[in-house]
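Observations on chain architecture
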Amino acid sequence: MGLTNAQYDAILRDYDAQQTLDRHEQEARKAEVYTAIPVLNELDDRIASGSVEATILALRGDENAVENNRRTIEMIVNQKKQLMKQAGFSEDYLDIHYKCPECKDTGFKDGVMCYCFKQEIINRYYLEPGRKELLERENFSTFDLNCYSNEGLDESTGLTFRQNAEDCLQKAYSYAAHFSTNRRNLLLTGSTGVGKTFLSNCIAKALMIAGNTVMYLPASRLFEIFEHYRFGKDEENARAVRDYDMILDSDLLIIDDLGSEIGNAYSVSQLFTCLEERQLHNKPVLISTNLGMEQIRARYSERISSRLFRNYQNIRLVGDDIRVRKAFFDESPD
């Protein structure tokens, strides 16, 4: 994960600020609970005084003092939990509520960078403006099957456009649900406006919630990184090297709208290398494209097309352009 020192420090400062916020929120909850249940202060005093007394007795040779105090503390703690429950507070209400329970908002777990830190890098330095908000609007809970016609027919399968969308939605949902145990590559195909990007956003959002790092790049941006990686000037090349590290490291790389980019022999070769590297390290790739199989074969090398056909699960969306369909119905009279 290549970052400049300034970028790295900026993220660490935000993690420090989050830990401070966590503690302040815990203190606020504690004040709320102790105001509602004043007897908790007395119980805390009993724990404190009992511990001091047990220490003194242990120093004087009482071998049972520490164990007796442990049992007393356990009894008092259970009493506190019961009182909180009766007052309507959850058992963990006084605990610190971390934004990321895995690393406890430190950014690291067992000395290794946490997935939340990696995703923060992606969100901050690689996501297009507004994309984070877009994922709040485009996810499995907002996927609208009513956008697909029950009258239009996919002649190759005999399914209506809506039935096809239902099938694709189920496959995408299954892909996200089983990602941790079955990391597969995915190829979303279909004409312009049938919902490929929306469906990839659904998968991205679900995987991020589940604790996976997801990097989304339009194909044009990906090929631009390839160009700067090889031919860029010093500053461009240094940034491209960091970008390329991110491309290889994320749990899922989404390449959107493959075929829309302006490529050349080098960038196509670099795409193959990227796909191979991720395959080697069990890091799946999701590709969406308007191109059909024959167009992919004609535009890209046989090495790339053969791997897409062989190693990628294909989900093919069919139907009318949803944006045109929505515009038509929005403008139609009641």
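Before reading further, recall that the structure is shown in the block above.
Here is a short report on the structure shown in this document. Position numbers for residues start from 1 in each chain and track the written sequence from start to end. The model is predicted, so local features are restricted to residues of pLDDT at least 70 and side-chain atom pairs to those at 80 or more, both for listing and for counting; the totals for chains, interfaces and linings are taken over all residues. Computation of side-chain values: all heavy atoms of the structure, hydrogens and water removed.

We now examine the packing of helix 1 (residues 5-36) against helix 4 (residues 115-125). Here helix 1 crosses helix 4 at 120 degrees, and the two axes come no closer than 11 Å. Classed by the angle they form, the pair helix 1 and helix 4 counts as oblique. Crossing hand, helix 1 versus helix 4: right-handed. On helix 4, the residues that touch Gln 7, Tyr 8, Ala 10, Ile 11, Leu 12, Asp 14 and Tyr 15 of helix 1 are Cys 116, Phe 117, Glu 120, Ile 121, Arg 124 and Tyr 125. Ten residue types, Ala, Val, Leu, Ile, Met, Phe, Trp, Tyr, Cys and Pro, are classed as nonpolar, four, Asp, Glu, Lys and Arg, as charged, and the remainder, Gly among them, as polar. Split into classes, the residues belonging to the contact of helix 1 with helix 4 amount to nine nonpolar, one polar and three charged. To obtain each axis, a line is fitted to C-alpha atoms, and for helices this fit is confined to the stretch in contact; angles are then taken between N-to-C directions over 0 to 180 degrees. What counts as a helix is a DSSP run of H or I of at least four residues, what counts as a strand is a run of E of at least two, and both are numbered from the N terminus. An angle counts as roughly parallel when it lies under 35 degrees, as roughly antiparallel when it exceeds 145, as roughly perpendicular when it falls between 65 and 115, and as oblique in every other case. For any helix crossing, the convention is left-handed if the near helix is rotated counterclockwise from the far helix by under a right angle, and right-handed if that rotation is clockwise. The contact definition used throughout considers only heavy atoms, calling two residues in contact when any of these lie within 4.5 Å.

Before going further, it helps to examine the packing of helix 2 (residues 39-59) against helix 3 (residues 65-86). Interaxial distance between helix 2 and helix 3 falls to 9 Å at its minimum, and their mutual angle equals 175 degrees. Judged on the interaxial angle alone, helix 3 and helix 2 are roughly antiparallel. From helix 2, Val 39, Leu 40, Leu 43, Asp 44, Arg 46, Ile 47, Gly 50, Ser 51, Ala 54, Leu 57 and Ala 58 reach across to helix 3, where they touch Ala 65, Val 66, Asn 69, Ile 73, Met 75, Ile 76, Val 77, Gln 79, Lys 80, Leu 83 and Met 84. Class assignment for the residues of the contact of helix 2 with helix 3 results in 15 nonpolar, four polar and three charged.

With that settled, the discussion passes to unusual backbone geometry. With a phi close to 55 degrees, Lys 104 is a non-glycine residue in the positive phi region. Within the element layout of this structure, Lys 104 appears in the loop between helix 3 and strand 1 (108-109). Residues other than glycine seldom take positive phi values, yet Asn 282 does so here, at roughly 55 degrees. Inspection of the secondary structure puts Asn 282 in the loop between helix 10 (265-280) and strand 8 (285-289). Each residue gets one of three labels from its accessible area relative to the maximum for its type: buried under 20%, exposed over 50%, partly exposed in between, using a 1.4 Å probe on protein chains only. A relative accessible area of 46% places Asn 282 in the partly exposed class.

With that out of the way, let us pick up the environment of Phe 309. Locating Phe 309 in the fold gives a position in helix 12 (residues 302-311). Between the C-alpha atom of Phe 309 and that of Ile 296, which follows or precedes it by 13 residues, the distance is 9.8 Å. Beyond its immediate chain neighbours, meaning those up to four positions away, Phe 309 contacts Met 293, Ile 296 and Arg 297.

What is shown is where atoms sit, not what they do.
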